[in-house]
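Inside the fold
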Amino acid sequence: MRQAGSDDATAIARVHVDTWRTAYRGLLPDDFLAALDEAGYAERWRRTLTDGNGRVYVAEDGRHTVGFASGGPERAGEDGFTGELYAIYVLQEAQGRGHGRRLVQAVVQGLREMGLPNMIVWVLRDNHNARHFYERLGGTYVRSQPITIGSALLQEVSYGWKSLDDIRY
Ligand SMILES: CC(C)(COP(=O)(O)OP(=O)(O)OC[C@H]1O[C@@H](n2cnc3c(N)ncnc32)[C@H](O)[C@@H]1OP(=O)(O)O)[C@@H](O)C(=O)NCCC(=O)NCCS
């Protein structure tokens, strides 16, 4: 586990697109998933990694990037939350081996360094695997809201930890 730099943008984009295609099959439209543009995401991640807002961490298996997570200041003005886990993705073949838990630990350490004492995360309502993961970490349901992804109108739900000390690894 280590903090990512702009050199990691290409590998992060590869994990991002691969994991969306496996995790979101059946949740997001097939044509939307097929059209995900790895080069476009690499450019976006390069910008994110250089603009200095928030932190990004990568999980590696040997020299191979198998996951990443990002977090920073809460983005939507949600009452009671100042920190946010923005994204966490582990390649399907590397899931269930503790990378996700260690990525959350890394993001939480980053939030602490930024002086953010709590955390919220948003997840698609029907993404049951990820919801179990957050529930396993002790997250409590906050609320739900609609979200549009591509042409799909979906629902997302949030989980929160009122204190970073409440996270059960
Ligand atoms: C959700 C995700 C990040 C979890 O990472 P991971 O590396 O698979 O999880 P870990 O191996 O660290 O598991 C940590 C704990 O979470 C629980 N957990 C993980 N995946 C789970 C699942 N599919 N169902 C139920 N519990 C799960 C496990 O109980 C585990 O605890 P244990 O070791 O005591 O059994 C990863 O599976 C993933 O990237 N999924 C697809 C993308 C996604 O949905 N991302 C989140 C978007 S909001």
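Before any of the text, the structure's been laid out above.
Worth saying up front: this structure is predicted, and the values here are computed from it rather than measured. (Residues numbered from 1 in each chain as written. Predicted model: local features only at pLDDT ≥ 70, side-chain atom pairs only at ≥ 80, totals over all residues. Heavy atoms only, no water.)

Here the focus is a positive patch on the surface. Side chains of Arg-101, Arg-102, Arg-136 and Arg-168 sit close together on the surface and give a patch of like positive charge. Relative to the elements of secondary structure, Arg-136 occurs in helix α5 (residues 128-136). (Patch = residues over 30% accessible without salt bridge, like charges linked within 9 Å, V, L, I, M, F, W, Y side chains within 5 Å. Areas by Shrake-Rupley, 256 points an atom, 1.4 Å probe, with all protein chains shown as cover. Salt bridge = Lys/Arg side-chain N within 4 Å of Asp/Glu carboxyl O. Lys, Arg positive; Asp, Glu negative; His and termini not counted. Charge placed at Lys NZ, Arg CZ, Asp CG, Glu CD. Helix = DSSP H or I, 4+ residues; strand = E, 2+ residues; numbered from the N terminus.)

In this section: the pattern of salt bridges. In total, this model carries nine salt bridges according to the counting rule given. A salt bridge links Arg-112 to Asp-165; its shortest N-O distance comes to 3.2 Å. Taken together, the residues span a long stretch of sequence, with Arg-112 in helix α4 (residues 99-113) and Asp-165 in the segment after β7 (152-161) at a distance of 53 residues. Judged by relative accessible area, Arg-112 falls into the partly exposed class, the value being 40%. (Buried < 20%, exposed > 50% of the residue type's maximum accessible area, 1.4 Å probe, protein only.)

Okay, the pairing of strand β3 (residues 64-73) next. For β3, the tally of buried residues reaches eight of 10 residues, placing the bulk of the element in the interior. Between strand β2 (residues 55-61) and β3, which follow one another and run antiparallel, lie two residues, and Gly-62 among them has a positive phi close to 65°. (Pairing = 2+ DSSP bridges.)

A few words now on the site of the ligand. Not every one of the 22 residues close to the ligand is listed here, only the nearest: Val-90, Gly-98, Gly-100, Arg-101 and Arg-136. Side-chain polar atom of Arg-136 to an oxygen atom of the ligand: 2.7 Å apart, as the coordinates give it. Relative to its unbound accessible surface of 920 Å², the ligand loses 78% to contact with the protein. Among the elements of the structure, α1 (9-23), β4 (83-90), α4, β5 (119-124) and α5 are those that each provide at least two residues to the shell around the ligand. The leading source of residues in the shell around the ligand is α5, at six residues. Here the shell around the ligand is composed, by residue class, of 10 nonpolar, nine polar and three charged. (Near = heavy atom within 4 Å. Polar contact = N/O pair within 3.5 Å; in protein donor to acceptor, adjacent residues only side chain to side chain. Nonpolar A, V, L, I, M, F, W, Y, C, P; charged D, E, K, R; others polar.)

Let's shift gears to α5. Residues Ala-130, Arg-131 and Tyr-134 constitute the buried set of α5. Across the axial projection of α5, the buried residues extend over an arc of 100°, all falling on one side. In this structure, α5 carries Asn-129, His-132 and Arg-136 as exposed residues pointing more than 90 degrees from its buried face. Summarising the contacts, the buried residues of α5 are in contact with β4, β5, β6 (140-149) and β7. Once α5 finishes, Gly-138 follows within two positions and takes phi at roughly 90°, a positive value. (Arc of directions from axis to C-beta. Contact = heavy atoms within 4.5 Å.)

Throughout the structure, instances matching the rule amount to 10 aromatic pairs. When the centroid spacing of 6.2 Å and the interplanar angle of 40° are considered together, the rings of Tyr-134 and Tyr-159 count as tilted. One end of the pair, Tyr-134, is in helix α5; the other, Tyr-159, is in strand β7, and 25 residues separate them in sequence. Taken as a pair, Tyr-134 and Tyr-159 share a single burial class, namely buried. Taken together through their ring pairs, the aromatic side chains of Trp-20, Tyr-24, Phe-32, Trp-45, Phe-68 and Tyr-89 make up a single cluster. (Phe/Tyr/Trp six-rings, centres within 6.5 Å; stacked < 30°, edge-to-face > 60°.)

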